[in-house]
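So the chains spell out like this:
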Protein chains: 2
Amino acid sequence: MATIYEVSALAGVSLSSVSRVLNDHEHVSKKTKEKVVAAMNKLNYRPNTIARSLASNRSNSVGVLVSELHGPFFGAMLSSIELELRNAGKHAVITAGHSDEQSEIDGLDFLIDRKCDALILLVDAISDDYLIKLSKSKTPFVILNRNISEISDHCFYLDNELGGYLAAKYLIKQGHKEIAYISGPLTKQDSTERLAGHKKALAEANIPFKENLVYEGNYLTKSGRDGINFLIKNKAKFTAVACSNDEMASGAMRGARDHKLLIPEQCSFIGFDNAFFTEYLYPQLTTINFPVNDMAKMSTQWILKNVYKQKELDITNMFIPKLIERQSVQQN
Amino acid sequence: MATIYEVSALAGVSLSSVSRVLNDHEHVSKKTKEKVVAAMNKLNYRPNTIARSLASNRSNSVGVLVSELHGPFFGAMLSSIELELRNAGKHAVITAGHSDEQSEIDGLDFLIDRKCDALILLVDAISDDYLIKLSKSKTPFVILNRNISEISDHCFYLDNELGGYLAAKYLIKQGHKEIAYISGPLTKQDSTERLAGHKKALAEANIPFKENLVYEGNYLTKSGRDGINFLIKNKAKFTAVACSNDEMASGAMRGARDHKLLIPEQCSFIGFDNAFFTEYLYPQLTTINFPVNDMAKMSTQWILKNVYKQKELDITNMFIPKLIERQSVQQN
DNA sequence: AAATAAACTGGAAGCGCTTTCATTCTGAAT
DNA sequence: ATTCAGAATGAAAGCGCTTCCAGTTTATTT
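All of these numbers come straight from a predicted model, not from anything done at the bench.

> In this structure, what is going on with the protein's contact with DNA strand C? I would like to understand it.
Near DNA strand C you find 26 residues, and of these R20 and T32 of chain A together with I4, S19 and Y45 of chain B are the closest. When the atoms of DNA strand C within 4 Å of the protein are grouped by moiety, sugar and phosphate amount to 61% of the total. S17 of chain A has a polar side-chain atom sitting 3.0 Å from a phosphate oxygen of DNA strand C. R20 of chain A places a side-chain nitrogen or oxygen 2.5 Å from a base oxygen of DNA strand C.

See below:
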């Protein structure tokens, strides 16, 4: 591996000059630059990124911390982040928190220790306070899918309330009046917001909100099924079920079928997120689109702009959900 | 940020000694070690990983290159890799090839330039020859889901033929004799192997293999649907369809339903991979399990053993598929 | 042609650590 | 008490680059 010394010797210029052309500095004459470039090519020189990082105190890498690497969500997200980053000559170091607070914090430390220039966080377990404190330290970061008001310009999130609203409104428009709701854990911000939107739509349509039509799940498939079982066991009456995410919707559909309900004829379903598998379901699931890719891309661009001073662009923090109409809702 | 100098000064020992305790060297007296550890704690010292890398010429990171980050496969894989790596104090740098040869090669160079100590590759587009050549260079690597005979001890893969065999055999056991096959692209190793297993099972049962019952798809959902349409248009007769992966199976099921076929009563389906969404399908898809997690874990352990000399363990290169019986196959 | 500013270049220190080598210390064996 | 291997330590030279500073060259203005 050729080093900068050899390039400098072959080109007949100083180290500094080589470094300058490497970093695209102004104030290098065309002649010098040509000599250096020629020497680099001849030696097939590849800069040692580690040495550069040490000397310059920046690593050209951004750390990504996610609670869970599997599931239908993160692939799409990482894909957008990685693409955007690599186009900018940066790269992603990825760690997972494996859904445990200490583990998430370890992941954070790990990334900070690796001298990541910035971080992208998609974390559940770490508290607002911790993140607010972190925002005062040196490493800049953005937060996905969560809005912490004290640092909201670092946050990128969906208008969850609008999403919940759109879903319920659509069901109402299709003639449903008895609408059950399977929620995510109400300790989570997105769950409560989605439910709030749901209630708002009901209120607008003068449909009373009934507590006994709500089941609090945990975003996993199984809890969708549990939700349906719960509702049926309690003899709740409903013609449609709005679910706080697609996984629960799929579980709920399965549960409904276990009870011999025809979908959508006897029971309609609407999901949330527009995960890729919703098209595979039968019937295909009507749902609310969560523009994950846009959000991931935007957050990465925020970093490119604010940390690497590369892009000049407008930043949007809140993203807009959209109804995706498929076959799981019956017109009544 | 405290440096090793400050630790050394506070502890009243030399740089070398601090470095030694940092790296768990032998030949440090208990007394020195205690002093150093105390000083480190007091200063809240965190070693600079970049500097360590530069001096020691190893980065404690392993590069992961995948063709595509999204899809149902990679999340699980990355999750296993990351977990295993972090437990060993190493970390993952992840890049994606975005399914394009040049882009995959760029990704490779990227990781090599970052001085990754080893690489984990899950790539489609890069040729065998390129990888064989790469195996002669400095950076060690493993290859997932692909067997290149010249470097097969670096390869971790499924016994695809056995998988195809198990699927067909199961259908036959359930009384099916007219079995259609929707294949992945036959330019890909795994596709041809799976098909070979399929043929073998037919042969064993003295069922003639009919070319007109085979459709070559591309592993995507849509091509499963196309496959069914193709078969029906050509008036092929079949009671079951074996698919080379789950996504095509889901597409095929949808296609069958478009033609008003009851599943599994009029047409049975079996998939391949046991992707997580197969449980969401209706009916739940009978399929062949691909132990992604095991494979990812094993490959990571290979690196821990051979590159970092950490583990002593037996390496298995070939993994065994298993039938997962669910509801999409009818007993005839 | 002289004066001045601007562009360009090179020297050298340093980023924070590892690692060789030589030296000193320790304790067991004689 | 003497010897000597082995353990413990420290000094110093890098790892490959960036960057500040000072010095030199070139261009511009008068």
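> I tried to follow the protein's contact with DNA strand D on my own but got confused; where do I start?
In the vicinity of DNA strand D there are 26 residues, among which I4, S19 and Y45 of chain A together with R20 and T32 of chain B approach most closely. When atoms of DNA strand D within 4 Å of the protein are split into backbone and base, the sugar-phosphate part holds 60%. At a separation of 2.8 Å, a phosphate oxygen of DNA strand D approaches a polar backbone atom of S14 of chain B. At 2.4 Å, a side-chain N or O of T32 of chain B approaches a phosphate oxygen of DNA strand D. Within the residue set of the surface near DNA strand D, elements represented by two or more residues are α1 (4–11), α2 (15–22) and α4 (49–56) of chain A together with α2 (15–22) and α4 (49–56) of chain B. Broken down by class, the residue content of the surface near DNA strand D amounts to 11 nonpolar, 12 polar and three charged.

> Mind showing me how you'd approach the sheet that holds strand β8 (residues 240–243) of chain B here?
The strands making up a sheet associate through hydrogen bonds between their backbones, and the pairing can be parallel or antiparallel. Residue and element names in this part refer to chain B. Taken in spatial order, the four strands make up an open sheet running β7-β6-β8-β9, and their pairing is parallel. Both outer strands of the open sheet, β7 (214–216) and β9 (268–270), are each paired with one neighbouring strand and no more. Mean inter-strand twist for the sheet, computed between neighbouring axes without regard to direction, equals 15°. Pairing of strand β6 (residues 179–183) with β7 involves three bridges; the strand directions are parallel.

> Sorry, what's going on with the domain arrangement of chain A here?
Here the domain parsing of chain A yields domain 1 (4–47), domain 2 (60–158 + 292–319) and domain 3 (160–290). Averaged C-alpha coordinates put domain 1 of chain A and domain 3 of chain A at centres separated by 63 Å.

> I tried to follow the relation of the copies chain B and chain A on my own but got confused; where do I start?
Superposing chain B onto chain A takes a rotation of 180° combined with a translation of 0.0 Å along the rotation axis, leaving an RMSD of 0.0 Å. Such values leave the two copies arranged in the relation of a two-fold axis. Scanning chain B for the C-alpha nearest the rotation axis identifies V93 of chain B, at a separation of 2.3 Å.

> For this particular structure, what's the right way to read the nonpolar core?
If you look at soluble globular proteins, the nonpolar side chains tend to sit buried side by side. By size, the foremost hydrophobic cluster in this structure holds 102 residues, and its most contacted members are M77 and I303 of chain A together with M77 and I303 of chain B. If we ignore the near neighbours within four places in the chain, the residues touching M77 of chain A are V66, L122, L144, V292 and A296 of chain A. Core analysis: the second largest hydrophobic core is formed by 48 residues, I182 and I263 of chain A together with Y215 and F238 of chain B among them.

> So what exactly am I meant to see when it comes to the interface of chain B and chain A here?
How big an interface is tends to be stated in terms of accessible area lost as the parts join. Contacts between chain B and chain A engage 50 residues on the former and 50 residues on the latter. In total, about 4,600 Å² of surface goes out of reach between chain B and chain A, with carbon and sulfur atoms giving 60% of it. Our count for the contact surface shared by chain B and chain A stands at two salt bridges. Scanning the region where chain B abuts chain A turns up 18 residue pairs in polar contact (both at pLDDT 80 or more). Elements represented by at least two residues in the side of chain B that touches chain A include exactly α4, α5 (74–87), β2 (91–96), α6 (101–113) and α11 (246–258) of chain B. The element contributing the most residues to the side of chain B that touches chain A is α5 of chain B, with seven residues. Within the side of chain B that touches chain A, the residues separate by chemical class into 18 nonpolar, 19 polar and 13 charged.

> Can you help me understand the packing of aromatic side chains in this one?
What describes a pair of aromatic rings is the distance from one ring centre to the other and the angle between the planes of the rings. For the structure on display, the rule yields 16 aromatic pairs over all chains. Ring plane angle 85° and centroid distance 6.2 Å describe the contact between F276 of chain A and F277 of chain B, whose orientation is recorded as edge-to-face. One end of the pair, F276 of chain A, is in the loop between β9 (268–270) and β10 (287–289); the other, F277 of chain B, is in the loop between β9 and β10 (287–289), on a second chain. Seen from their ring centres, F73 of chain B and F290 of chain B are 5.3 Å apart, and the 85° between their planes marks the pair as edge-to-face. Of this pair, F73 of chain B sits in the loop between β1 (61–66) and α5 while F290 of chain B sits in the loop between β10 and α12 (292–306); the two residues are 217 residues apart in sequence, bridging distant segments of the chain.

Conventions used here
Residues numbered from 1 in each chain as written. Chains lettered and ligands numbered in written order. Predicted model: local features only at pLDDT ≥ 70, side-chain atom pairs only at ≥ 80, totals over all residues. Heavy atoms only, no water. Near = heavy atom within 4 Å. Polar contact = N/O pair within 3.5 Å; in protein donor to acceptor, adjacent residues only side chain to side chain. Helix = DSSP H or I, 4+ residues; strand = E, 2+ residues; numbered from the N terminus. Nonpolar A, V, L, I, M, F, W, Y, C, P; charged D, E, K, R; others polar. Pairing = 2+ DSSP bridges. Axes fitted to C-alpha atoms, helices over the stretch in contact; angles between N-to-C directions. Domains from an automatic or database assignment. Least-squares fit on C-alpha atoms with pLDDT ≥ 70 in both. Core = buried A, V, L, I, M, F, W, Y, C linked by side-chain atoms within 4.5 Å. Buried < 20%, exposed > 50% of the residue type's maximum accessible area, 1.4 Å probe, protein only. Contact = heavy atoms within 4.5 Å. Buried area = accessible area lost by both parts, 1.4 Å probe. Salt bridge = Lys/Arg side-chain N within 4 Å of Asp/Glu carboxyl O. Phe/Tyr/Trp six-rings, centres within 6.5 Å; stacked < 30°, edge-to-face > 60°.

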